[in-house]
Amino acid sequence: MTKKIRVFSGIQPTGKLHVGNYTGALSTWVAQQDNFEGIYCVVDLHALTIPENVVPAKLNEKVWKAVSIYLAAGLDPKKSDIFIQSMVPEHSELAWILNCVTPMGWLNRMTQFKAKSANRENVGTGLFTYPTLMAADILLYDAEKVPAGDDQKQHIELTRDIAERFNTMFGKVFTIPEPMIGKAGARIMGLDDPSKKMSKSVGEVTLYHSIGIVDEPDLIAKSIKKAKTDLGPVVVYDAAGEGVRNLLNIYQAVTKETDDQVKEKFEGKGYGFLKKEVTEAVCEVLAPVRQRYLALMEDRAYLKSVVNKGAEHAHLLASKKVSQVRDALGISFSSPNLEKAFFLRKELLSKTR
Ligand code: TYM
């Protein structure tokens, strides 16, 4: 039997999860779950970096929605670990340690930080050090690949640099991960403005910006109908403008057809036909996801059992890695009393959640 590839990835439980999250990340996790040893979490600690996300009851609900979407999309908890980032405290611990080996200049270069901090008055340091928490997520589990959308490439490259720097300074502790970024679905643009990436936060407040993974089919149809296209009357595949290119990408990402098949199907056809076909293809994939999602949201006990199991395994792996890191740094101190306190905290948490 060939060895499975260890992969890690995650989605922030913010805004409205959309078809880009599906084609850029989730659908690959699901399609490859027999080949991957997958570790997938809902990255709630990352959500704390934007103050508007931190409305406690809403954030809690969004975490469970994201867990339900992972499962509804077809992730099988028997094949992959599914959990919530904050359940495994080693994510925060390693993030701190990595902050201490990451030059500020490296973080200054991150384009997502520039985009997210622009026009904000109060930018928290968490937003600035967001990529080191992401590096911790990946490095904790010796992930070899990170299946994600195109916008995460720079963060994954930074993770490699941080891991290499740590290994050079303190001995080989971390596996160097590689980005795994697909072609057609890795960068889906907004339907209302195809010059900008489809976004969870914009999609939550702007009707017809995005295609939500669990939107009603009627809304999906309307959103696609209103999508911006090009000026010309028909599809010219090789010279498609950004609106038509985006619809072709969405179509290709959900149907998995080849470039040639897509070109043949749409070349010279009107935008009405294109939109009808995109709607049908998207709804065929997403309508069953919505049905399963609605049922899963009614079964909180099951969702909890899934993340408990996932977190237990993740915690085992993560605590081994953090011990290695502590050894490498000369800070391997522990106390039996602290272990007791840790268990007490766990008990309290399970009562309040
Ligand atoms: P997030 O929550 O913004 O997005 C989740 C995943 O969806 C992909 N994605 C897209 N793909 C195609 N088109 C789009 N318009 C689009 N928008 C988002 C993202 O690339 C991502 O794969 N920092 C990450 C979460 C994270 C993470 C990690 C990912 C935290 N730790 C470790 C991988 C590994 C983020 O904010 O993703």
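As the structure is a computational prediction, the values presented were derived from the model and not from experiment.

(A) Representation of the domain arrangement of the chain within the structure. Each domain of the chain was delimited in the assignment, giving domain 1 (5-185 + 301-352) and domain 2 (200-296). Centre-to-centre, using C-alpha coordinates, domain 1 lies 30 Å away from domain 2. Residue-level contacts link 25 residues of domain 1 with 23 residues of domain 2. Both sides together, the interface formed by domain 1 and domain 2 hides about 2,000 Å², and carbon and sulfur atoms give 66% of it. Among the residues of domain 1 in contact with domain 2, Lys16, Val19 and Ala72 are the three that bury the most area, contributing 31% of the side total. Taken together, the links from domain 1 to domain 2 amount to 3 salt bridges. One salt bridge connects Lys183 with Asp259, and the closest N-O pair in it is separated by 3.0 Å. Our count for the domain 1 to domain 2 interface comes out at 9 residue pairs in polar contact (both at pLDDT 80 or more). Every element with two or more residues in the side of domain 1 that touches domain 2 is listed here: α1 (19-31), α3 (56-72) and α15 (300-329). Residue composition of the side of domain 1 that touches domain 2, grouped by class: 12 nonpolar, 9 polar and 4 charged.

(B) Up close: the pairing of strand β3 (residues 81-84). Burial of the side chains of β3 extends over both faces: Asp81 and Phe83 are buried on one face and Ile82 and Ile84 on the other. Where strand β2 (residues 36-42) lies against β3, 4 bridges are found, and the strand directions are parallel. Bridging from a neighbouring strand, Val42 pairs with Ile84 of β3.

(C) Structural context of helix α8 (residues 130-139). Of all 10 residues in α8, 10 are buried; the element is thus mostly enclosed. Every buried residue of α8 is accounted for by Tyr130, Pro131, Thr132, Leu133, Met134, Ala135, Ala136, Asp137, Ile138 and Leu139.

(D) View of unusual backbone geometry. The phi torsion at Asn119 lies on the positive side, around 60°, for a residue other than glycine. Relative to the elements of secondary structure, Asn119 occurs in the loop between α6 (111-117) and α7 (125-128). In this structure, Tyr208 is a non-glycine residue whose phi angle is positive, near 70°. For Tyr208, the location among the structural elements is in the loop between α10 (200-205) and α11 (217-226).

(E) Structural context of the packing of aromatic side chains. Within the structure shown, the criterion is met by 9 aromatic pairs. Look at Phe266 and Phe273: their rings are 5.8 Å apart centre to centre, the planes differ by 55°, and that puts the pair in the tilted class. Overall, Phe266 belongs to the buried group, its relative accessible area being 0%. Site record: aromatic cluster; members linked through ring pairs are Phe8, Phe83 and Tyr141. One residue, Arg165, lies across the ring of Trp106, its end atom 5.5 Å from the ring centre. Positioned above the aromatic ring of Tyr237, the side-chain terminus of Arg245 is 4.9 Å from the ring centre.

About the criteria used
Residues numbered from 1 in each chain as written. Predicted model: local features only at pLDDT ≥ 70, side-chain atom pairs only at ≥ 80, totals over all residues. Heavy atoms only, no water. Domains from an automatic or database assignment. Contact = heavy atoms within 4.5 Å. Buried area = accessible area lost by both parts, 1.4 Å probe. Salt bridge = Lys/Arg side-chain N within 4 Å of Asp/Glu carboxyl O. Polar contact = N/O pair within 3.5 Å; in protein donor to acceptor, adjacent residues only side chain to side chain. Helix = DSSP H or I, 4+ residues; strand = E, 2+ residues; numbered from the N terminus. Nonpolar A, V, L, I, M, F, W, Y, C, P; charged D, E, K, R; others polar. Buried < 20%, exposed > 50% of the residue type's maximum accessible area, 1.4 Å probe, protein only. Pairing = 2+ DSSP bridges. Phe/Tyr/Trp six-rings, centres within 6.5 Å; stacked < 30°, edge-to-face > 60°. Lys NZ or Arg CZ within 6 Å of the ring centre and 35° of its normal.

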